[in-house]
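Spelled out from the first residue to the last, the chains are:
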Amino acid sequence: MAQRRLSQPEPVEPPLRPRLADQPSRFVRLEREVELEYRPQMLAALQRKVNTVAEDARAMVPQCPRCGRPMSFHDARPVSWLAHWGRLQASPARYRCAPCKQERRPLLDLLGVEPGRICGSLARRLGLLAAVAPYEMAARLAQLLLGVTISAMGVWRVAQRLGQAAANYSEALSQYHADSRSEAASGEPARPAVILGVDGCTLGMQVRTHRRRRVGVEALPALPAIEQGHFREVKTGVLLLPSERVETSPGRRSVVRRFLVTCLGEADEIFRRLYAQLRELGWVDPHTVVVILGDGAEWIWNRATMFVNRCEILDFWHALEHAWTFARLRYGEDSAQADRWVHRIGEDLRAGKVQEVVAALKRLRPKTEELRASLQSLIGYYSENAGRMRYDEYLRLGYGIGSGAVESAHKQVVHARLRQAGMRWSEAGARRLLALRLLLLNGDWALLDRMRMVSLA
Ligand SMILES: [Zn+2]
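Rules of the game
Residues numbered from 1 in each chain as written. Predicted model: local features only at pLDDT ≥ 70, side-chain atom pairs only at ≥ 80, totals over all residues. Heavy atoms only, no water. Helix = DSSP H or I, 4+ residues; strand = E, 2+ residues; numbered from the N terminus. Rg over C-alpha atoms; globule rule 2.2 N^0.38 Å. Buried < 20%, exposed > 50% of the residue type's maximum accessible area, 1.4 Å probe, protein only. Contact = heavy atoms within 4.5 Å. Areas by Shrake-Rupley, 256 points an atom, 1.4 Å probe, with all protein chains shown as cover. Lys, Arg positive; Asp, Glu negative; His and termini not counted. Charge placed at Lys NZ, Arg CZ, Asp CG, Glu CD. Donors = N, O, S within 2.8 Å, 3.2 Å for Na, K, Ca; no water. Tetrahedral: all angles 85-135°; square planar, octahedral: opposite > 155°, others 65-115°.

*Asks:* I keep staring at the overall build of the chain and nothing clicks. Help me out?
*Replies:* On a plain count of helices and strands, the chain comes out with 15 helices and twelve strands. Computed over C-alpha atoms, the radius of gyration of the chain comes to 30 Å, more than 25% over the 23 Å expected from 2.2 N^0.38 for 457 residues, which places it beyond the range of a compact globule. By its C-alpha atoms, the chain is 90 × 85 × 50 Å across when sized along the principal axes. Scored against the burial criterion, the 457 residues of the chain give a buried share of 41%. Here the contacts in the chain between residues at least 6 apart in sequence split such that 67% fall between residues at least 24 apart. Surface accessibility of the chain: about 26,700 Å² in total, with carbon and sulfur atoms responsible for 53%. If you average the places of the 68 positive and of the 49 negative side-chain charges in the chain, the two averages end up 6 Å apart.

*Asks:* Even after reading the chapter, I still don't get the coordination of the zinc ion, so can you show me in this structure?
*Replies:* When a metal carries six donors in an octahedron, the ideal angles between them are 90 or 180 degrees, while four donors in a tetrahedron ideally lie at 109.5 degrees. Bound to the zinc ion are the protein donor atoms C64 (SG), C67 (SG), C97 (SG) and C100 (SG), situated 2.3 Å from the metal. Its four donor atoms give the zinc ion angles of 106 to 113° at the centre, a pattern that matches the tetrahedral case. Donor residues for the zinc ion sit on one chain with the sequence pattern C-x2-C-x29-C-x2-C. Remark: C97 occurs in strand β4 (residues 94-97) and C67 occurs in the loop between α2 (26-57) and β1 (72-75); sequence separation between them is 30 residues. A relative accessible area of 8% places C97 in the buried class.

Right, dumping it as structure tokens:
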């Protein structure tokens, strides 16, 4: 009886199934018709242009890269490669220098293609999809957006070749700028101040209990659970200008431009890359104040000393978090009193009264040993960092006091693509993908068109 009352009364008419149109809209069909008709024509036009380049290249006799002598003709076997509209063909002449064991196919160098591979703008677009979505999803997007059928593994291979090219370039740029005779590329003037911040997190790495052929696609369910020690630190460094922090709404600032660097591994490495990016931008001269925003981690302050003219800022929210630790202990979790107490400290710190705050803390007489220890640690932390807590001054100079922009940048570089559920990375795979994401997030994606994809055996 009770069940009867709970169920809804049956309507008189049976339900109507939601209806779709019998076929795609007229306009969508027109679009497809045109695409089907012109794709082969585009491919043919492209092939004709390739043939013209091949004609021009026929007379080129390359010099041996080792001994410099003209190389001798060997053969001209046909090759093909894959582009957006289909497969292109050519019969590039192969030249050899037997003594040096060198071989070249000038036409392929001229075109920037590799036989048997996905090349050109199709490769770059697949790389773009892989930079923003997991490989399986990228393959699906390739089908939907580009009309290209490719496996997740195929997308992965393209992303590795492009990512290695991007990683090589950024590494070479770091090395170049490590030499003080390097030149800036941006042509921008040196600035009175630049803000620099660093954030990091760990990445789950692939664990292989026995040797097996590397697959590289990220979701590998067969792998054992992650154990201690199978993580790698990944760090992101951010550069921005105080003058480009704009107030979008009262109290909320956002950044017009920021430049990111990233690396898998050591603290020295991320600072090397930050330094290179600073030189590349041309923002720094001997008068520039380098503002370093840190969350209190020692390794940041230790490396900050490489900038002689610097201003160290302890992230305001980390400073406050330490006050919270003591307040919770003293007043209890979720107590309004703790809230008010921390709020007061925050206001005083913001007003630049760190010495007054420390003096007030020293006047407290906590009752228990635990509270006394917690208070001592808070006093110690504020005293030690007082020189990095002149928040009134930083606000007045427009430097900002929180590392929110740094943290959100790091999340965009790393979390949004590399820290999704179940993802495990090979060292090389993570490096290459990070290099691609960096190009994208720094607005430098077009540089990929000027890089030679790296063949990975
Ligand atoms: Zn030679």
